[in-house]
2 protein chains.
Amino acid sequence: MPRVTDAYREARRDEIARAALRRLERNGVRDTSIADIVEESGLSTGAIYSHFSNKAELARYVAERFLLPRVDALEAAGRGGELVSPREALRRLLMVMGKEGLSPSLVVQFWGEAMVDPDLRAAMNRTVSQLRASLAAAVTPWAHTRAASADAAAALAAAAARSIAALAQGYIVHVAVFGPREVDEYIASATSVLES
Amino acid sequence: MPRVTDAYREARRDEIARAALRRLERNGVRDTSIADIVEESGLSTGAIYSHFSNKAELARYVAERFLLPRVDALEAAGRGGELVSPREALRRLLMVMGKEGLSPSLVVQFWGEAMVDPDLRAAMNRTVSQLRASLAAAVTPWAHTRAASADAAAALAAAAARSIAALAQGYIVHVAVFGPREVDEYIASATSVLES
DNA sequence: ACCTGAACACCGTTCAAGT
DNA sequence: ACCTGAACACCGTTCAAGT
């Protein structure tokens, strides 16, 4: 298949996904129908089904394409040798999630969907794996100050990345369910519980 | 209305809710239809609609009735004067959630639903308020060892309860998305991130 | 008052027919 | 190859009719 066609296909998929995302952000997963996406995109039902095999695959595409916050700056800091502690990495991740990535409400809805959609679950796990890799890179210089060998440092960075992602996940649900909350205040209060 | 009728109605609602819960635990919220609940309960469509005004109200009833883990033992420990630290209260809460209450998967699905269903959201917030009150009671003796006045102790206990509930929420999503994880290991690794 | 189950409006998906 | 939109199976909900 010629290159232009591939590029065209991808552009079309993206166009549909962006139309879907606008409706999803406004009305949520349950209350966004294919008819809504048809209306929002200006295409026909069949056009959408010629680019995605069903609603679940479209949702998965949206999740993969737009869910991950851009943590490039965070990762660059780590690779540049800056000493970023896990706590500081968590703080920066929560800050960047507030500015980029999907709304916490939609993320929680996608998690709910993932509970009954193995493919979506797999897609979200891949996304989180990428995030963990970025976080591990970010805290690696810090890990070297705490570990004797390079192997031990890598293991420590990976474990820290896993927990940072878990705590970030907790923050997202908390904000989605109870409304906005200051990042620093949240971290401080979680710390005081765990240190008690 | 005579007492027996009220009791009968409530028993019927409970019967329907339990049938619904069995299907929900098996197939999830999205894939449990009214027809499934009709089949599971042995009643008719109309019978269900004569006890719940719609599927959302039934879901809300299930959430209110079965979502909250029984934290009585935890609360009793606090009221009995036992010194339970916030960290220990979190540990006990996570342990009891693993044994009682709904599956993490279903809880996450309900949170997702709550994002587009204000009434369900309100019901879940009420449930969490009760949980927080229990947690605050549990850590009150501890709070008194850390605060100068009774008022300061109450405020400290309330703040701790809020954060314990938030961290528990984080644990639930984490387990739902990535599978079972040891409570103590989770707490230890979250602690090491926040202390770094 | 509670219950039945056929009927209705709407949803996701398919597919013969067009370009 | 991509697209159209009417048709189909299924879903949540209603309601005339039964007890």
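Residues numbered from 1 in each chain as written. Chains lettered and ligands numbered in written order. Predicted model: local features only at pLDDT ≥ 70, side-chain atom pairs only at ≥ 80, totals over all residues. Heavy atoms only, no water.

Which residues make up the overall build of chain A, and what values go with them?
On a plain count of helices and strands, chain A comes out with 10 helices and zero strands. When the helices and strands of chain A are read in sequence order from the N terminus, they spell out α-α-α-α-α-α-α-α-α-α. Once the C-alpha set of chain A is aligned to its principal axes, its extents read approximately 60 × 45 × 25 Å. Across chain A, every contact between residues at least 6 apart in sequence was considered, and the portion connecting residues at least 24 apart equals 68%. Accessible surface computed for chain A: about 9000 Å², of which carbon and sulfur atoms make up 53%. When the 24 basic and 24 acidic side-chain charges of chain A are each reduced to a single mean position, those positions are 1 Å apart. (Helix = DSSP H or I, 4+ residues; strand = E, 2+ residues; numbered from the N terminus. Contact = heavy atoms within 4.5 Å. Areas by Shrake-Rupley, 256 points an atom, 1.4 Å probe, with all protein chains shown as cover. Lys, Arg positive; Asp, Glu negative; His and termini not counted. Charge placed at Lys NZ, Arg CZ, Asp CG, Glu CD.)

Before we move on, could you go through the side chain of Arg23(B) and cite the residues and values that matter?
All names here are of chain B. Of note, Arg 23 is situated in helix α1 (residues 3–27). In terms of polar contacts, Arg 23 uses its side chain to reach the side chain of Glu 39, at 2.8 Å. Not counting chain neighbours up to four residues away, the residues in contact with Arg 23 comprise Gly 28, Thr 32, Asp 36, Glu 39 and Glu 40. (Polar contact = N/O pair within 3.5 Å; in protein donor to acceptor, adjacent residues only side chain to side chain.)

Describe in detail the relation of the copies chain A and chain B, supporting the description with residues and values.
For the match of chain A to chain B, the screw axis carries a shift of 0.0 Å, the RMSD comes to 0.0 Å, and the turn is 180°. In symmetry terms, the pair is related by a two-fold rotation axis. Among all C-alpha atoms of chain A, that of Gly170(A) lies closest to the rotation axis, at 1.7 Å. Both copies contact each other with a shared surface, as 100% of the interface residues of chain A are interface residues in chain B too. (Least-squares fit on C-alpha atoms with pLDDT ≥ 70 in both.)

I'd like to hear about the protein's contact with DNA strand C, residue by residue, with values.
By nearness alone, 15 residues border DNA strand C, and Ile34(A), Tyr49(A), Arg12(B), Ser44(B) and His51(B) come closest of all. The sugar and phosphate moieties of DNA strand C supply 70% of its atoms located within 4 Å of the protein. Between a phosphate oxygen of DNA strand C and a side-chain N or O atom of Arg9(B), the distance comes to 3.2 Å. Between DNA strand C and the protein, one listed contact pairs a phosphate oxygen with a side-chain N or O atom of Ser44(B) at 2.4 Å. Element by element, the count of residues in the surface near DNA strand C is highest for α1(B), at three residues. Across the surface near DNA strand C, the residue classes break down as four nonpolar, eight polar and three charged. (Near = heavy atom within 4 Å. Nonpolar A, V, L, I, M, F, W, Y, C, P; charged D, E, K, R; others polar.)

Which residues make up the interface of chain A and chain B, and what are the values?
Every contact between the two is made by 46 residues of chain A and, on the other side, 46 residues of chain B. Buried surface at the junction of chain A and chain B, summed over both partners, amounts to about 4000 Å²; 62% is from carbon and sulfur atoms. Where chain A packs against chain B, one counts four salt bridges. With a shortest N-O distance of 3.8 Å, Arg162(A) and Glu185(B) are connected by a salt bridge. Elements represented by at least two residues in the side of chain A that touches chain B include exactly α6 (86–99), α7 (104–114), α8 (118–146), α9 (150–178) and α10 (183–195) of chain A. The dominant element in the side of chain A that touches chain B, judged by the number of residues it contributes, is α9(A), at 13 residues. (Buried area = accessible area lost by both parts, 1.4 Å probe. Salt bridge = Lys/Arg side-chain N within 4 Å of Asp/Glu carboxyl O.)

Describe the domain arrangement of chain A, naming the residues involved and giving the relevant values.
Many structure descriptions define interface size as the accessible area lost when the parts assemble. All names here are of chain A. Domain parsing of chain A yields domain 1 (1–53) and domain 2 (55–195). Computed over C-alpha atoms only, the centres of domain 1 and domain 2 are separated by 28 Å. If you look at the interface, domain 1 gives 19 residues, while domain 2 gives 13 residues. Interface of domain 1 and domain 2: buried area, both sides summed, is about 1500 Å²; carbon and sulfur atoms make up 64% of it. Linking domain 1 with domain 2 are two salt bridges, by the criterion used here. Across the pair Arg 65 and Asp 14 runs a salt bridge, and its minimum N-O distance is 2.7 Å. (Domains from an automatic or database assignment.)

Before we move on, could you go through helix α5 (residues 72–79) of chain B and cite the residues and values that matter?
All names here are of chain B. Turning to α5, its buried residues are Leu 74, Glu 75, Ala 77 and Gly 78. Here the buried residues of α5 occupy an arc of 155° about the axis, which is enough to place them on one side. In α5, those exposed residues whose orientation departs by more than 90 degrees from the buried face are Ala 73 and Arg 79. Turning to α5, the residues buried within the fold contact α6 (86–99) and α8 (118–146). Gly 81, located one to two residues past α5, shows a positive phi value of around 90°. (Buried < 20%, exposed > 50% of the residue type's maximum accessible area, 1.4 Å probe, protein only. Arc of directions from axis to C-beta.)

Talk me through the packing of α6(B) against helix α9 (residues 150–178) of chain B; I want residue IDs and the actual numbers.
Residue and element names in this part refer to chain B. Between α6 and α9, whose axes approach to 10 Å, the crossing angle comes to 40°. The orientation of α6 with respect to α9, classified from their angle, is oblique. Viewed along their axes, α6 and α9 form a crossing whose handedness is right-handed. Taking contact as the criterion, the partners of Pro 86, Ala 89, Leu 90, Leu 93, Leu 94 and Met 97 in α6 are, on α9, Ala 160, Ile 164, Leu 167, Ala 168, Tyr 171 and Ile 172. (Axes fitted to C-alpha atoms, helices over the stretch in contact; angles between N-to-C directions. Parallel < 35°, antiparallel > 145°, perpendicular 65-115°, else oblique. Left-handed = near helix turned anticlockwise from the far one by under 90°.)

How would you explain the pattern of salt bridges if you had to name every residue and give the values?
Tallied over the full model, the rule gives 42 salt bridges over all chains. Arg30(A) is paired through a salt bridge with Asp31(A); the nearest N and O atoms lie 3.2 Å apart. When its relative accessible area of 43% is taken as the criterion, Arg30(A) is described as partly exposed. In this structure, the salt-bridge partner of Arg12(B) is Glu15(B), at a minimum N-O distance of 3.1 Å. Here Arg12(B) pairs with Glu15(B), and both are found in helix α1, just three residues apart, close to one helical turn. On the basis of relative accessibility, which here comes to 23%, the residue Arg12(B) falls in the partly exposed class. When salt bridges with common partners are traced through the structure, they connect Arg22(A), Arg23(A), Arg26(A), Asp36(A), Glu39(A) and Glu40(A) into a single cluster.

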